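Secondary and tertiary structure notes
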Amino acid sequence: MGKKDDIIERAARMIDAARKVVTLTGAGISVESGIPDFRSPGGLWTRYDPVVYATFESFISDPSKFWEMAADLHPLLENAEPNPAHLALAELERLGKCDAVITQNIDHLHQRAGSTVVLELHGTYRTGTCLACRKQHTYEQIKVSAFQGEIPRCLSCGGVVKPDVVLFGEPLNASVLQRSNELASECDLMLVIGCGLEVYPAASIPTYAKRAGANIIFVNIASTPYDPIADLILLGKAGEVLPKVVEEYKKITTGGRRHFGIWKSKDN
Ligand code: NAD
């Protein structure tokens, strides 16, 4: 294992050398914004059994369970602010070094941080759709019920509104998944941040990138089943590690340590 500063510099140099950088983020990137991940100790699944609270089948048979859990989650989502990791990724985009963020998160924090190309693999909590008539509702329209743990009802037909998040057992949006897979096979560097990589098909995305020849950097506080495919593993909190990588990248590119040659006029 290399020294931490060396590893940060290697990550920055890999970003500098890359032609197309794509990022995949999971629940871990938002933990420092106060939204717990699901599987870590103390995570949401230690309090709510996903089979009862978060499968598509359980939602159809009894939506009240999901909305009961949502009453716990929504204040966290509403009060969360982008943390330094979200902000660092938005800055990387502005520096031309993050072509897209593919996220498993539903919390909207990448957009709020300033990232403009965000693919939400698992949907968003910001809208909901009536299961009966398909009318889409804004967050403002479902918020009061969501905070009270009640089932939001459709404003047109009174049907049950389901949030536009992908529940277990529910297919992902096909075009979002297809575009994510394309980005994975087009990039030459993928940053994989705060992803447990236990939920498919999202967990396959780094493998597609690797097979297409990309370098892979993991940022996580723990190991994952896919560690063997990583070219570099940055062990630490995303909110601490990513700003350091971006600072180092800026040092490399603006601090005079990278140049392509020096041109001198005849007079000098
Ligand atoms: P997960 O809970 O399986 O894994 C989270 C990963 O993040 C773990 O590997 C953990 O070690 C790591 N981690 C925790 N804190 C971290 C930190 N500060 N810095 C870096 N890494 C950290 O979550 P998952 O793999 O993303 O899958 C669960 C699914 O649940 C997601 O796909 C998502 O749809 C949903 N989810 C979303 C949110 C959200 O929107 N913020 C929160 C929880 C769950």
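Quick caveat: nothing in here was measured; it's all calculated off a predicted structure.

In terms of domain boundaries, the protein breaks down into domain 1 (1-34 + 82-122 + 171-258 + 261-265) and domain 2 (36-79 + 123-165). At the junction of the two partners, domain 1 supplies 13 residues and domain 2 supplies 11 residues. Both sides of the domain 1 and domain 2 interface together cover about 970 Å² of buried area, and 56% of this is carbon and sulfur. Per-residue buried area on domain 1 facing domain 2 is highest for Gly-34, Ile-106 and His-122; these three make up 39% of the total on that side. On the surface where domain 1 and domain 2 come into contact, there are 2 residue pairs in polar contact (both at pLDDT 80 or more). Here the side of domain 1 that touches domain 2 is built from residues that sort into 5 nonpolar, 5 polar and 3 charged.

Now for the layout of surface pockets. A water-sized probe rolled over the atoms picks out the places where empty space is left. Roughly 290 Å³ of internal volume is contained in the second largest pocket. Around the second largest pocket, the lining comprises 17 residues; the ones closest to its centre are Lys-162, Asp-164, Val-165, Val-166 and Glu-170. Among the elements of the structure, strand E4 (123-130) and strand E6 (161-165) are those that each provide at least two residues to the lining of the second largest pocket. The biggest single contributor to the lining of the second largest pocket is E6, with 4 residues. Here the lining of the second largest pocket is built from residues that sort into 8 nonpolar, 4 polar and 5 charged. Both domains that meet at the lining of the second largest pocket, namely domain 1 (1-34 + 82-122 + 171-258 + 261-265) and domain 2 (36-79 + 123-165), each give it at least three residues.

In spatial order, the strands read E3-E2-E1-E7-E8-E9; together these 6 strands make up an open sheet with parallel pairing. Where the open sheet ends on each side, the last strands, each with one partner, are strand E3 (118-120) and strand E9 (232-235). Taken over all neighbouring pairs, the strand axes of this sheet differ in orientation by 15 degrees on average, direction set aside. Judged from the 5 bridges that link them, strand E7 (residues 189-193) and strand E8 (residues 215-220) form a sheet pairing that is parallel. Bridge pairing links Met-190 to Ile-216 in E8. Packing against the sheet, helix H11 (residues 238-254) makes contact with E7, E8 and E9, and its axis sits at approximately 135 degrees to E8.

We now examine the site of the ligand. Ala-27, Gln-104, Asp-107, His-122 and Asn-220 are the nearest of the 28 residues found near the ligand. In this structure, an oxygen atom belonging to the ligand sits 2.8 Å away from a main-chain N or O atom of Ile-106. Contact between the ligand and Ala-238: a nitrogen atom at 2.9 Å from a main-chain N or O atom of the residue. Considering the ligand on its own, with 850 Å² of exposed area, one finds that the protein chains cover 94% of that surface. Taken together, the residues of the shell around the ligand sort by class into 12 nonpolar, 11 polar and 5 charged. Here the shell around the ligand gathers at least three residues from each of two domains, domain 1 (1-34 + 82-122 + 171-258 + 261-265) and domain 2 (36-79 + 123-165).

Turning to the packing of aromatic side chains, a few remarks are in order. Under the definition given, this model contains 4 aromatic pairs. For the pair Phe-59 and Phe-66, a centre-to-centre distance of 5.7 Å together with 65 degrees between the ring planes defines the contact as edge-to-face. On the basis of relative accessibility, which here comes to 2%, the residue Phe-59 falls in the buried class. Measuring from centroid to centroid gives 5.0 Å for Tyr-125 and Tyr-139, while their planes differ by 75 degrees, and the two rings are edge-to-face. On the criterion of sequence distance, the pair formed by Tyr-125 in strand E4 and Tyr-139 in helix H8 (residues 139-148) is long-range, its members being 14 residues apart. Note on Tyr-139: relative accessible area 3%, which makes it buried. Clustering of aromatic rings is evident, with ring pairs tying together Phe-59, Phe-66 and Trp-67.

Covalent bonding between the sulfur atoms of two cysteines defines a disulfide. What the rule picks out here adds up to 0 disulfides. In this structure Cys-98 is a free cysteine whose sulfur lies 10 Å from that of Cys-187, the closest cysteine sulfur available. Between Cys-130, a free cysteine, and Cys-157, which holds the nearest cysteine sulfur, the sulfur-to-sulfur gap is 3.6 Å. Residue classification places Cys-130 among the buried positions, given a relative accessible area of 0%.

In this section: the packing of helix H5 (residues 63-79) against H8. Remark: H5 packs on H8, axes separated minimally by 7 Å, with the N-to-C direction vectors making an angle of 115 degrees. By crossing handedness, the relation of H5 to H8 is classed as left-handed. In contact with Trp-67, Ala-70, Ala-71, His-74, Pro-75 and Glu-78 of H5, H8 contributes Tyr-139, Lys-143, Ala-146, Phe-147 and Gln-148. Its residues assigned to classes, the contact of H5 with H8 comprises 7 nonpolar, 2 polar and 2 charged.

Thresholds, definitions, all that
Residues numbered from 1 in each chain as written. Predicted model: local features only at pLDDT ≥ 70, side-chain atom pairs only at ≥ 80, totals over all residues. Heavy atoms only, no water. Domains from an automatic or database assignment. Contact = heavy atoms within 4.5 Å. Buried area = accessible area lost by both parts, 1.4 Å probe. Polar contact = N/O pair within 3.5 Å; in protein donor to acceptor, adjacent residues only side chain to side chain. Nonpolar A, V, L, I, M, F, W, Y, C, P; charged D, E, K, R; others polar. 1 Å grid on protein atoms, 1.4 Å probe; cavity = no way out; pocket = protein on both sides within 12 Å on 5 of 7 lines; lining within 4 Å. Points joined across faces, edges and corners; volume = space filled by probe spheres on them. Helix = DSSP H or I, 4+ residues; strand = E, 2+ residues; numbered from the N terminus. Pairing = 2+ DSSP bridges. Axes fitted to C-alpha atoms, helices over the stretch in contact; angles between N-to-C directions. Near = heavy atom within 4 Å. Areas by Shrake-Rupley, 256 points an atom, 1.4 Å probe, with all protein chains shown as cover. Phe/Tyr/Trp six-rings, centres within 6.5 Å; stacked < 30°, edge-to-face > 60°. Buried < 20%, exposed > 50% of the residue type's maximum accessible area, 1.4 Å probe, protein only. Disulfide = S-S within 2.5 Å. Left-handed = near helix turned anticlockwise from the far one by under 90°.

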